[in-house]
Amino acid sequence: MAIEKYIILDRDGVINVDLFDYVTNPIDFKFEQGSLEALKKLTLFGYKIIVATNQACISLGIATKKEIDDVNLHMKQKAKENGAEILHIEVCPHKPEDKCKCRKPETGLLTSAEKLLNINLKGSFFIGDKFSDIQCALAHDCLPVLVKTGYGEITLKNHDVSQAQVFERLSSAANFICQ
Ligand SMILES: [Mg+2]
Ligand SMILES: [Zn+2]
């Protein structure tokens, strides 16, 4: 059996422009500069893409699960139209006070994907823009990558991210990974 390569991506601020508010409608979903091409590049390079996203807006009652699913479906379809395959999307619907096991930096989204797909994500790249993404990556023995888009610059300023590789955006991270 061929060894599959997986890559984990945060969504907001990595794939799409973080509005510093919740994206609850496909109309508000804007791909980051070069991110569609980056998804295609990763796909062509053999990476199976898994998106792991915190969406507390569901628990907060700001959006329904269906609305968030629709946004994610839109992302997946646009990616597909552009030659990229998003294999799986894991959503944490909880707010911090819910104390769930899936809201990043907890690793439940990763273990859930592993169980569902019968795969192992340890050692995979994990690209995010928040410190919680880096913490989640490290806690699950993934390779943390920070992008400066979204909250990335703020993360760089406020946290020690020396264990992560840092890139301007998803496209530059993908260029590094796919070389
Ligand atoms: Mg993010
Ligand atoms: Zn959760």
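Before reading further, recall that the structure is shown in the block above.
The paragraphs below set out a description of the structure included in this document. In this text, all values refer to a predicted model and were calculated from it rather than measured experimentally. (Residues numbered from 1 in each chain as written. Chains lettered and ligands numbered in written order. Predicted model: local features only at pLDDT ≥ 70, side-chain atom pairs only at ≥ 80, totals over all residues. Heavy atoms only, no water.)

Examining the coordination of the zinc ion (ligand 2)
For step 1, the next point in the chain: Every protein donor of the zinc ion (ligand 2) is listed here as Cys92 (SG), His94 (ND1), Cys100 (SG) and Cys102 (SG), and their distances to the metal cover 2.0 to 2.3 Å.
For step 2, the next point in the chain: One can describe the donor arrangement at the zinc ion (ligand 2) as tetrahedral, given that its four donor atoms subtend angles of 97 to 116° at the metal.
For step 3, the next point in the chain: Expressed as a motif, the donor residue spacing for the zinc ion (ligand 2) is C-x1-H-x5-C-x1-C.
For step 4, the next point in the chain: Since its relative accessible area comes to 16%, Cys100 is described here as buried.
For step 5, the next point in the chain: Of the residues examined, Cys102 reaches a relative accessible area of 14% and is grouped as buried. (Donors = N, O, S within 2.8 Å, 3.2 Å for Na, K, Ca; no water. Tetrahedral: all angles 85-135°; square planar, octahedral: opposite > 155°, others 65-115°. Buried < 20%, exposed > 50% of the residue type's maximum accessible area, 1.4 Å probe, protein only.)

Remarks on unusual backbone geometry
For step 1, the next point in the chain: Note that the residue after Lys104, namely Pro105, is joined by a cis bond; omega there is 20°.
For step 2, the next point in the chain: Located in the positive-phi region is Phe20, a residue other than glycine, with phi close to 55°.
For step 3, the next point in the chain: The topology assignment puts Phe20 in the loop between β1 (5-9) and α1 (35-44).
For step 4, the next point in the chain: Even without a glycine there, the phi angle at Asn118 is positive, about 55°.
For step 5, the next point in the chain: Following the sequence through the fold, Asn118 ends up in the loop between α4 (108-117) and β4 (125-128). (Helix = DSSP H or I, 4+ residues; strand = E, 2+ residues; numbered from the N terminus.)

Digging into helix α7 (residues 170-177)
For step 1, the next point in the chain: Restricting attention to buried positions, one finds in α7 the residues Leu170, Ser171, Ala173, Ala174 and Ile177. The buried residues of α7 occupy an angular sector of 160° when projected down its axis, which confines them to one face.
For step 2, the next point in the chain: As for α7, its buried residues are in contact with β1, α1, β2 (47-54), β4, β5 (143-147) and β6 (165-167). (Arc of directions from axis to C-beta. Contact = heavy atoms within 4.5 Å.)

Structural notes on the nonpolar core
Considering soluble globular proteins, one finds that nonpolar side chains tend to be buried as a cluster.
For step 1, the next point in the chain: With 27 residues, the main nonpolar core has Ile7, Ile15, Leu39 and Ile127 as its most contacted residues.
For step 2, the next point in the chain: Contributing elements (two or more residues each) for this core: β1, α1, β2, α3 (65-81), β4, β5 and α7.
For step 3, the next point in the chain: Top contributing element to this core by residue count: α7, with four residues.
For step 4, the next point in the chain: Within the second largest apolar cluster, 16 residues are counted, among which are Cys100, Cys102, Leu110 and Ala137. (Core = buried A, V, L, I, M, F, W, Y, C linked by side-chain atoms within 4.5 Å.)

So, the side chain of Asn54
For step 1, the next point in the chain: Take Asn54: it is sitting in strand β2.
For step 2, the next point in the chain: Look at Asn54 and you get buried, because its relative accessible area is 17%.
For step 3, the next point in the chain: A polar atom in the side chain of Asn54 sits 3.0 Å from the backbone nitrogen of Lys104.
For step 4, the next point in the chain: Discounting residues that sit within four places of it in the chain, Asn54 has contacts with Cys92, Cys102, Arg103, Lys104 and Leu109. (Polar contact = N/O pair within 3.5 Å; in protein donor to acceptor, adjacent residues only side chain to side chain.)

Some remarks on the coordination of the magnesium ion (ligand 1)
For step 1, the next point in the chain: Each protein donor to the magnesium ion (ligand 1) is listed here as Asp10 (OD), Asp12 (O) and Asp129 (OD); together their distances run 2.0 to 2.2 Å.
For step 2, the next point in the chain: Donor residues binding the magnesium ion (ligand 1) come from one chain and are separated in sequence as D-x1-D-x116-D. Highlighted residues: Asp10 in the loop between β1 and α1 and Asp129 in the loop between β4 and α5 (131-139), separated in sequence by 119 residues.
For step 3, the next point in the chain: By relative accessible area, which is 5% here, Asp10 ends up buried.

So, the sheet that holds strand β3 (residues 86-92)
For step 1, the next point in the chain: Taken together, the six strands give an open sheet; going across it, the order is β3-β2-β1-β4-β5-β6, and neighbouring strands pair in parallel fashion. Looking at which strands have only one partner, the edges of the open sheet turn out to be β3 and β6. Sheet twist, expressed as the mean angle between neighbouring strand axes with direction ignored, is 20°.
For step 2, the next point in the chain: For β1 and β4, the ladder comprises three bridges, and the chain directions are parallel. Along β4, the bridge assignment pairs Ile8 with Phe126.
For step 3, the next point in the chain: Where α3 meets the sheet, its contacts fall on β2 and β3, and the angle it forms with β3 comes to roughly 160°.
For step 4, the next point in the chain: On top of the sheet, α5 reaches β4 and β5; it is set at about 170° to β5, its chief contact. (Pairing = 2+ DSSP bridges. Axes fitted to C-alpha atoms, helices over the stretch in contact; angles between N-to-C directions.)

Note that every value here comes from positions in space, so none of it alone points to a role or purpose.
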